[in-house]
Amino acid sequence: MPKGRPNTMNNYGVLLHELGLDEQLVTPLRERFLQPLTALLYPDCGGGWLDSHRAFVVKYAPGQDRELGCHYDNAELTLNVALGKAFTGGALYFGGLFQAPSALARPLEVEHVVGQGILHRGGQLHGARPLGTGERWNLVVWLRASAVRNRLCPMCCRKPDLVDDEGFGDGFTREEPPTVDVCALT
């Protein structure tokens, strides 16, 4: 069975598409539940136009990955759900957007509780404090909107130069998706 790394920062975990779970689990989750919510909460950063994702489970444990340094995600929005097991420590911390000066001057720390998820902008600086004891497994879904990223790559902040790829291809498309009428609450 193929075994890719979940991302460039985590060594332990699994990509859900390698298990055949994109079409049956993650795509319906994104389309039916997350997109209506993100359209209301994050209309200014593609919340209403989510059309792809990268989903993975990561593991934190003593002797393996115990923490995650400050970073931002290759996504317009990110859902991070604590799946389990029993653990201490490992709080998440959040700063401002990565383009903002002094974005981590006063980070907000949030305990990650098993069975609960945190939804945030992908460009928000964040990380995980060291795990104290036990194991923590997290479901992470990077939510992507080609209507946003086709204009500006969230990683290099330039207009993307597209190349052919399999699957969702980091959420970029060669053609603009059809326009969608939205209503933003003010």
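All of these numbers come straight from a predicted model, not from anything done at the bench. (Residues numbered from 1 in each chain as written. Predicted model: local features only at pLDDT ≥ 70, side-chain atom pairs only at ≥ 80, totals over all residues. Heavy atoms only, no water.)

1. A look at the packing of aromatic side chains
No. 1: For the structure shown, the criterion picks out one aromatic pair.
No. 2: Above the ring of Tyr60, the side-chain terminus of Arg136 is found at 4.7 Å from the ring centroid.
No. 3: Taking NZ or CZ as reference, Arg136 lies 5.6 Å from the ring centre of Phe87, over its face. (Phe/Tyr/Trp six-rings, centres within 6.5 Å; stacked < 30°, edge-to-face > 60°. Lys NZ or Arg CZ within 6 Å of the ring centre and 35° of its normal.)

2. Quick word on the sheet that holds strand S9 (residues 124-128)
Strands in a sheet are paired, the pairing made by backbone hydrogen bonds, and the direction either parallel or antiparallel.
No. 1: Strand order in this open sheet of four strands is S3-S9-S6-S7, and the pairing throughout is antiparallel. The open sheet has two free edges, formed respectively by strand S3 (68-71) and strand S7 (108-110), since each of these has just one partner strand. On average, each strand axis in the sheet is tilted by 20° relative to the strand beside it, whichever way the strands run.
No. 2: Of the pairings in the sheet, the one linking S3 to S9 comprises two bridges and is antiparallel in character. Bridge assignment links His71 to a residue of S9, and that residue is His126. (Pairing = 2+ DSSP bridges. Helix = DSSP H or I, 4+ residues; strand = E, 2+ residues; numbered from the N terminus. Axes fitted to C-alpha atoms, helices over the stretch in contact; angles between N-to-C directions.)

3. Notes on the pairing of strand S4 (residues 77-84)
No. 1: In terms of burial, S4 is largely enclosed, as seven of its eight residues are buried.
No. 2: Of the strand pairs in this sheet, S4 and strand S8 (residues 117-121) are connected by five bridges, and their pairing is antiparallel. By the bridge assignment for S8, Asn80 is matched with Ile118.
No. 3: Taken together, the seven bridges between S4 and strand S11 (residues 136-144) define a ladder with antiparallel strand orientation. Among the inter-strand pairings, Leu79 is bridged to a residue of S11, identified as Val141. (Buried < 20%, exposed > 50% of the residue type's maximum accessible area, 1.4 Å probe, protein only.)

4. A few points about the sheet that holds S8
No. 1: As summarised here, the arrangement of the five strands in space is S1-S2-S11-S4-S8, forming an open sheet in which the pairing is antiparallel. The outermost strands of the open sheet, each flanked by one partner alone, are strand S1 (13-15) and S8. Put simply, the sheet's adjacent strands are angled 15° from each other on average, direction ignored.
No. 2: This element, helix H1 (residues 22-41), spans strand S2 (52-60), S4, S8 and S11 of the sheet and lies at about 105° to S2. (Contact = heavy atoms within 4.5 Å.)

5. Details of the environment of Asn7
No. 1: Inspection of the secondary structure puts Asn7 in the segment before S1.
No. 2: Taking the C-alpha atoms as reference points, Asn7 and Arg54, 47 residues apart in sequence, are found 9.6 Å from one another.
No. 3: When near neighbours in sequence (up to four residues on either side) are disregarded, Asn7 contacts Phe56, Val58 and Trp142.
No. 4: Side-chain polar atoms of Asn7 contact the backbone nitrogen of Met9, separated by 2.7 Å. (Polar contact = N/O pair within 3.5 Å; in protein donor to acceptor, adjacent residues only side chain to side chain.)

6. Re the nonpolar core
No. 1: Judged by nonpolar contacts, the single largest core of 16 residues is most densely connected at Leu16, Leu77, Leu79, Leu139, Val141 and Leu143.
No. 2: Put simply, the parts of the chain that give this core at least two residues each are H1, S2, S4 and S11.
No. 3: What Leu16 contacts, discounting residues up to four positions off in sequence, is Leu21, Asp22, Val26, Ala55, Phe56, Val57 and Leu139. (Core = buried A, V, L, I, M, F, W, Y, C linked by side-chain atoms within 4.5 Å.)

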